[in-house]
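Fold and contact review
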Amino acid sequence: MTSWQPTPALVRACLLGIGGAGLAIAIGQEVLAVLSAPFVVLAGAGLAGRPRGRPQVTTRLDHRRLHEGQGTTSRLEVDDLAGVEHVTRVAARAAHVASQPTYGSVGSLVATGPPTIGLSPRRWGRRDVGAERVALTSPWAGWRWGPVHVPATSLLVLPRTAPYDGRAEVPQPDGLVGRHRSRRVGSGTEFEGIRHFATGDRLKRINWPVSLRTGELHVVTTRAEQDAGVWLVVDALRDIGVSGGIDGRPSTLDLTVRAAAALAEHHVRTGDRVGLVVVTANGTRVPLGSGPRHLQRLLGTLARTRTDARSTPPERLELGTESGSVVHVLSPMLSTPLVTATASLQRGGTSVVVVDTLGDALAVPDGAERLGLPALATRMQKVERDDRLRRLAALGAPVVPWRGPGTLDTVLQKLARRAQVPRVRA
Amino acid sequence: MRLLRPGVTPPVVVLRTLLLVLPCAALAVALPQVPDGLVVGGVVMSAAAWAWMPDHAIGIVPLALVAAWWAVHGVVDWRLLVVGVLLAAAHVAATLASYGPATLAVDPDLARLWAARGLLALVPLPVTWLAVRVLDPALAPSWLWLLAGATVVGLLLLTARLTRPQTQ
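Note that this is a predicted model, so its numbers are computed, not measured.

Thoughts on the overall build of chain A
Across its full length, chain A holds eight helices and 21 strands. Residue burial in chain A is summarised as follows: out of 426 residues, 43% are buried. For chain A, the share of sequence-separated contacts (at least 6 apart) that also reach a separation of at least 24 residues comes to 71%.

Focus on the overall build of chain B
Looking only at helices and strands, chain B has seven helices and zero strands in total. Taken from the N to the C terminus, the helices and strands of chain B come in the order α-α-α-α-α-α-α.

Things to note about the domain arrangement of chain A
All names here are of chain A. Domain parsing of chain A yields domain 1 (4–48), domain 2 (57–158), domain 3 (180–226) and domain 4 (230–419). Once you take the C-alpha centre of each, domain 1 and domain 2 turn out to be 36 Å apart. Across the boundary between the two partners, domain 1 contributes 10 residues, which contact six residues of domain 2. Elements supplying a minimum of two residues to the side of domain 1 that touches domain 2: strand S1 (4–6), helix H1 (8–27) and helix H2 (30–48). By residue number, the principal contributor to the side of domain 1 that touches domain 2 is H2, which donates four residues. Classifying every residue of the side of domain 1 that touches domain 2 by side-chain character gives seven nonpolar, three polar and no charged.

Let's talk about the sheet that holds strand S2 (residues 57–61) of chain A
Residue and element names in this part refer to chain A. The four strands lie next to each other as S2-S4-S8-S6, forming an open sheet whose pairing is antiparallel. Edge positions in the open sheet fall to S2 and strand S6 (97–100), since each of these has one partner strand only. For this sheet the average axis-to-axis angle between neighbouring strands, irrespective of direction, equals 25°. Bridge count for S2 against strand S4 (residues 72–78) is five bridges, and the pairing is antiparallel. Following the sheet pairing, Thr-59 is matched in S4 by Leu-76.

Regarding the interface of chain A and chain B
Listed by partner, the interface residues are 47 residues for chain A and 53 residues for chain B. When residues of the side of chain A that touches chain B are traced back to their parent elements, those giving at least two are S1, H1, H2, strand S5 (86–91) and strand S7 (105–109) of chain A. Taken together, the residues of the side of chain A that touches chain B break down into 31 nonpolar, 13 polar and three charged.

Concerning helix H1 (residues 10–28) of chain B
All names here are of chain B. The terminal C-alpha atoms of H1 lie 26 Å apart, and with 19 residues this matches the ideal 27 Å at 1.5 Å per residue to within 8%. Largest kink in H1: about 25°, centred on Leu-19, with the proline Pro-23 one to four residues after it. Elements in contact with the buried residues of H1: helix H2 (37–52), helix H3 (60–73) and helix H4 (78–97).

What to know about the environment of Glu-216 of chain A
All names here are of chain A. Residue position: Glu-216 is located in the loop between helix H3 (208–214) and strand S15 (218–226). A residue is classified by how many C-beta atoms lie within 10 Å of it, and Glu-216, with 10 of them, is exposed. Along the chain, Glu-216 and Phe-197 lie 19 residues apart, while their C-alpha atoms are 8.1 Å from each other. Setting aside its immediate chain neighbours within four residues, Glu-216 contacts His-196 and Ser-211.

Comments concerning the packing of H1 of chain A against H2 of chain A
Angle between the axes and distance between the axes are the two parameters that describe a pair of packed helices. Residues and elements named next belong to chain A. Taken N-terminus to C-terminus, the directions of H1 and H2 make an angle of 135°; their axes are 7 Å apart at the nearest point. Comparing their axes, H2 and H1 come out oblique. The handedness of the crossing between H1 and H2 is left-handed. On H2, the residues that touch Leu-10, Ala-13, Cys-14, Leu-16, Gly-17, Ile-18, Gly-20, Ala-21, Leu-23 and Ala-24 of H1 are Leu-32, Ala-33, Leu-35, Ser-36, Phe-39, Val-40, Leu-42, Ala-43 and Gly-46.

A word on the sheet that holds S7 of chain A
All names here are of chain A. Strands sit in the order S1-S11-S10-S5-S7 across an open sheet of five strands; the sheet is antiparallel. For this open sheet the edge positions go to S1 and S7, each flanked by a neighbour on one side alone. Neighbour-to-neighbour, the strand axes of this sheet turn through a mean angle of 25°, independent of strand direction. As paired strands, S5 and S7 are joined by five bridges and run antiparallel to one another. Within S7, the position partnered with Val-87 by the bridge is Ser-108.

Comments concerning the pairing of strand S8 (residues 117–121) of chain A
All names here are of chain A. Covered by surrounding structure in S8 are Ile-117, Leu-119 and Pro-121 only, the residues Gly-118 and Ser-120 on the alternate face being uncovered. Here S4 runs beside S8; their pairing, made up of three bridges, is antiparallel. Bridge pairing in S8 places Ser-74 opposite Ile-117. When S6 meets S8, the two strands line up antiparallel, connected through four bridges. Paired with Gln-100 across the strands is Gly-118, a residue of S8.

Quick look at the pairing of strand S11 (residues 143–150) of chain A
Residues and elements named next belong to chain A. In this structure, S1 lies alongside S11, joined through three bridges in antiparallel fashion. What sits directly across from Trp-4, in S11, is Trp-145. Direction of pairing for strand S10 (residues 132–137) relative to S11: antiparallel, over a ladder of five bridges. Residue pairing for S11: Leu-136 is matched across the bridge by Trp-145. Taking the residues between adjacent antiparallel strands as the criterion, S10 and S11 are bridged by five residues, where Trp-140 takes a positive phi near 60°.

Structural notes on the environment of Trp-4 of chain A
For Trp-4 of chain A, the position within the fold is in strand S1. For the pair Trp-4 of chain A and His-149 of chain A, spaced 145 residues apart in sequence, the C-alpha to C-alpha distance is 15 Å.

Focus: the nonpolar core
With 64 residues, the main nonpolar core has Leu-19, Val-66, Leu-87, Ala-90 and Ala-93 of chain B as its most contacted residues. Membership of the second largest hydrophobic core comes to 55 residues, among which are Trp-124, Ala-236, Ala-261 and Val-354 of chain A.

About the criteria used
- Each chain carries its own residue numbering, running from 1 in the written order of its sequence.
- Whichever chain is written first becomes A and whichever ligand is written first becomes 1, with later ones labelled in order.
- Per-residue local features of the predicted model are confined to residues with pLDDT of at least 70, and side-chain atom pairs are confined, for both listing and counting, to 80 or more; whole-chain, interface and lining totals are unaffected and use all residues.
- Numbering of helices and strands runs from the N terminus; a helix is a DSSP stretch of H or I covering at least four residues, while a strand is a stretch of E covering at least two.
- With C-beta atoms placed from the backbone, a residue is labelled by how many other C-beta atoms lie within 10 Å of its own: buried for 20 or more, exposed for 12 or fewer, partly exposed between the two.
- Think of it this way: build a C-beta for each residue from its backbone, and any pair within 7 Å is a contact.
- Domain start and end points were adopted from an automatic or database domain assignment.
- Gly is put with the polar residues, along with every residue not named as nonpolar or charged; the nonpolar set is Ala, Val, Leu, Ile, Met, Phe, Trp, Tyr, Cys and Pro, and the charged set is Asp, Glu, Lys and Arg.
- Strand pairing is defined by DSSP finding a minimum of two bridges between the two strands.
- Axis definition: a line fit to C-alpha positions, over the contact stretch in the case of helices; interaxial angles, taken between N-to-C directions, run 0 to 180 degrees.
- To estimate the expected span of a helix, subtract one from its residue number and multiply by 1.5 Å.
- The bend reported for a residue corresponds to the angle between axes fitted to the seven residues ending at that residue and the seven starting there.
- Each angle gets one of four labels, with under 35 degrees taken as roughly parallel, over 145 as roughly antiparallel, 65 to 115 as roughly perpendicular, and the rest as oblique.
- In this scheme the handedness of a crossing depends on how the near helix is turned from the far one: anticlockwise by less than a right angle means left-handed, clockwise means right-handed.
- By definition, a nonpolar core groups buried Ala, Val, Leu, Ile, Met, Phe, Trp, Tyr and Cys residues that connect through C-beta atoms lying within 7 Å of each other.

What follows is the structure, given as structure tokens:
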């Protein structure tokens, strides 16, 4: 247990002041009497300022759940500040967490308020922040409490969702409510056309200008509005590249998780039902759902995504998709079994879009030996991957590199047109 | 090229440089009389160690060495005032630097507070110096020395009691 201990400064002042004065009197040394005089004052003031309390030190974070890049403040709470003049905090460095001050050391006089430490997570995931050592000092730096160790607290960092804003509609929407235009005529607000009045039509649908001009009753027809089921398949089998956080170069898992978060937020805001499957050792699955609470659940699940060396890719992706669902497979597509599983899904009639999240993880760094073994291995891996993606595209599953806003617009529009083409079934 | 360790601010470097310079300067005031090589070496080495670790007990060594050298030579002229100021300034600089690690920036409010305290601590220095210069110890009654000795012993005992570790 910690107690108030004399500081080296107080010990020094006592030895030089009181010890020097005693020696000066004992052996009649005038010089020592003069030189020890200032230290007598410093020692006396330091000794007199001994605090009696037993303070308890805790820290508190303003937020426990943040998006990467956002910031929070770690505040110090001391229950008994009687006799304390100065507070020093030294925070431990946490991976992918920026702090203010940069090196985590901060101190201030109690009169100006306890010092605070700003924290800003730079990468999604679960981060242990706030581990620090705290020291309290009495007036005249005579006594010190601590440094006491304050344990870390866990902070859930959600992936950054912005920016993604697709304008394309989901190819074959299915459901009861939503914002996507249906191919069927129904009671929506989207204009479809004008036709002759028929028995059963509602009177409020009559278009009077056309009816008066033609002399026959005409009604306005609209398209039904429907929602869509969207599945996000996140490949967390491997993380290639070194993550530089939100300010640096992303690893493949960074790109995958951020893209999934952006797509989830976009589709949930559009009113679609969104489900999530994380392909990893103990694969996580979030069923289809909608609304802000469901979005938080999806983001929380994404934030807990971790790669595992034991992970084995699945042979099949069992999503239980209904007709009209669309599946986004977010992956760097370096695992052959996952590519096979995606191809099986596509053959099963589901609209599959592969979002390529490799980024430039396989780029050969500048200055690397072009014919060196690592460069050759990287190139071979790229060639194999490109071949897999070509074959996947030949099956009808479009492959789109993740580029942020509007990445999927063109692809989804093409898929929607393809879905409207009549099919001849054997 | 970086001259400072990452996170170390220039004011901290200035404070630590003072810890090295001030005890040496207090010895250099004796020039042209050159102190013994052992004393100079001891002061420089211990002051350097103190500058590296301001919160370490080694800080007592350079101050005690300088004070002992001046005491042995019995110099009570104006230079003693300068030495006293330099030693007290070194102590205050070390105290200010010992509030945290080297990456802790010097708080301006705290620096101002300690500047005022340093000046306050210097008040008895000229008073004692004048007393030593003007008053004749031979004229003082013997009981005065006994009283002074008893007071110092009392202070030492009080200090020992106050600095004793608290029982849990």
